[in-house]
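Structure assessment
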Amino acid sequence: MRRVTLKILSLSLLPFLSGCYSLGNYRLGKDQDQYSTSIIESNKKQTLMNLIRLRYADTPGLLDTTQLISGYQLQRSAFVGVASDTFPIRPNGGLAAQLQESPTFTFQPVTGDAYAHSFLRPLPPATLLPLAMGGLPIDVLLRLSVQSINMMSNNRPFSRNKGDIDDHIDPKIDNFFELIHDLRLLQAAGLLGIQIQQVADPSGKSAATNHVYLSISSTGDPVLLDVVRKTRELLNFSPKYDRMEVVYGVGEPRPGEVKILSRSMLSILGQVAYQIQVPDDEVTSGSTTSHVDVSIHQEDRSLITVHSSHDEPKQAFVSVFYDNYYYWIDKRDFESKLAFTITQMLFELSKTSQTPGALVTIPVSK
């Protein structure tokens, strides 16, 4: 009887001790989702915090998560005993399991050449325009990342002081907003073409370079005919060329070229930050200055609306706490979320693979 009982107990413990429970398969998908969400939310907060810091003339900074290791250890044990002085035999025993998680995060502060590259280097047109090929609205993209196209300037909010007469606005500035509006219409209609061509160095001494070209297709749609005509006129499209090469620069372009003066990330963030409305007491205290009131013109309004309050927001897409105030973007404000997401994409494109400097590794234990 005793042998039969022990055999039954041993068989019942086999699934627990044999390791048929697969911890890795269970945790992989769950951890990937959770850590991915955490990193994305952290990057969103960092971008918004840099905008707020610039609004207060504070120093922006970057801290990249370069490595994430999450280790698990599952310990299982079982014991069984039999009381020999009783009849019938009464076995007793127990099961125990312990799961330990040991995540380790490695952060790299962005400093030196990498900092200068990320913040100060203008984004090349060959990097910017392919984003429009991927479906990003070209008007939002260009308004954020471009200072001028040919002789058309995207600098209206900073080209006049508060109280200036609107009639004195340079018409070339108005042309910029008309151009990006029409480019968006052509993009939505499938008439705007962007091509990337890789050109190898004949000498073989340097890497191949990317050249980007812009084309505008003809259409029989009477509504879009005038849009095509105006856009070609603004970009100086010549009948000799079926496409125009987009190059970095400022001023009058050469035949067959479109000149784009792109911004650096510091300029992009600064343009957005300058138009963030802050509480009145922050201005009166001298912590920051009031923004230029350009709300008369729809195209002058900030692409990203940032709210502020002493109370923690309830409907926030992303929020940060700075100088006794919460600053946030409302999750119901689609246009602000779109512009903010494009800004984050541009931030990622601006980063460089420089040799790592100081690393901060933080083991986390529970």
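Residues numbered from 1 in each chain as written. Predicted model: local features only at pLDDT ≥ 70, side-chain atom pairs only at ≥ 80, totals over all residues. Heavy atoms only, no water.

1. As for the environment of I260
- Residue position: I260 is located in strand 8 (residues 257-262).
- Separated by 113 residues in the primary sequence, I260 and Q147 place their C-alpha atoms 7.6 Å from one another.
- Dropping the residues within four chain positions of it, I260 is found in contact with P125, V146, S148, I149, V246, V247, Y248 and G249. (Helix = DSSP H or I, 4+ residues; strand = E, 2+ residues; numbered from the N terminus. Contact = heavy atoms within 4.5 Å.)

2. Quick look at the sheet that holds strand 10 (residues 316-322)
- Across the sheet, which stays open at both edges, the 3 strands sit in the order 9-11-10 with antiparallel pairing between neighbours. Each edge of the open sheet is held by one strand with a lone partner, namely strand 9 (307-309) and strand 10. Sheet twist, expressed as the mean angle between neighbouring strand axes with direction ignored, is 25°.
- Where strand 10 and strand 11 (residues 325-330) come together, 6 bridges link them in antiparallel fashion. The residue bridging S319 from the neighbouring strand is W328, located in strand 11. (Pairing = 2+ DSSP bridges. Axes fitted to C-alpha atoms, helices over the stretch in contact; angles between N-to-C directions.)

3. Comments concerning the environment of L269
- Secondary-structure assignment places L269 in helix 8 (residues 265-274).
- Sequence separation of L269 and R55 is 214 residues, and the distance between their C-alpha atoms is 9.4 Å.
- If sequence neighbours within four positions are ignored, L269 has contacts with L51, L54, F119, T343 and F347.

4. Some points on the packing of helix 5 (residues 138-145) against helix 10 (residues 334-350)
- Following both chains from N to C, one finds helix 5 and helix 10 inclined at 60°, their axes separated by 10 Å at the closest point. Accordingly, the angle class assigned to the pair helix 5 and helix 10 is oblique. In the packing of helix 5 onto helix 10, the handedness of the crossing is right-handed. In this structure, helix 5 uses V140, L141, L144 and S145 to contact helix 10, whose residues at the interface are A339, I342, T343 and L346.
- Of the residues that constitute the contact of helix 5 with helix 10, the class distribution is 6 nonpolar, 2 polar and no charged. (Parallel < 35°, antiparallel > 145°, perpendicular 65-115°, else oblique. Left-handed = near helix turned anticlockwise from the far one by under 90°. Nonpolar A, V, L, I, M, F, W, Y, C, P; charged D, E, K, R; others polar.)

5. Overview of helix 5
- Of all 8 residues in helix 5, 7 are buried; the element is thus mostly enclosed.
- Among the residues of helix 5, I138, V140, L141, L142, R143, L144 and S145 are the ones counted as buried. (Buried < 20%, exposed > 50% of the residue type's maximum accessible area, 1.4 Å probe, protein only.)

6. Examining the confidence of the model for the protein
- Within the protein, residue pLDDT values average 78, and 69% of them lie at 70 or more.
- Confidence, expressed as mean pLDDT per element, reaches its minimum in the protein at helix 1 (residues 2-17) with 47 and its maximum at strand 11 with 96.
- Across residues 1-11, confidence stays below pLDDT 50; counting only partners more than four residues off in sequence or on other chains, it has 6 contacts. (pLDDT = per-residue confidence, 0-100.)

7. So, the sheet that holds strand 3 (residues 146-149)
- Pairing in this open sheet of 6 strands is mixed, and the strands run 4-3-8-7-6-5 from one edge to the other. A strand with exactly one partner marks an edge of an open sheet, and here the two such strands are strand 4 (152-153) and strand 5 (192-199).
- Pairing between strand 6 (residues 209-216) and strand 7 (residues 244-248): 3 bridges, direction antiparallel. The residue of strand 7 that forms the bridge with V212 is V246.

8. Let's talk about the packing of aromatic side chains
- Going through the model one piece at a time under the given rule, you end up with 7 aromatic pairs.
- Look at Y56 and Y327: their rings are 6.3 Å apart centre to centre, the planes differ by 80°, and that puts the pair in the edge-to-face class. Note that Y56 is positioned in the loop between helix 2 (23-55) and strand 1 (63-83) and Y327 in strand 11, a separation of 271 residues in sequence.
- When its relative accessible area of 9% is taken as the criterion, Y56 is described as buried.
- Pairing F317 with F340 gives two aromatic rings, centres 6.2 Å apart and planes at 90°, and the pair type is edge-to-face. (Phe/Tyr/Trp six-rings, centres within 6.5 Å; stacked < 30°, edge-to-face > 60°.)

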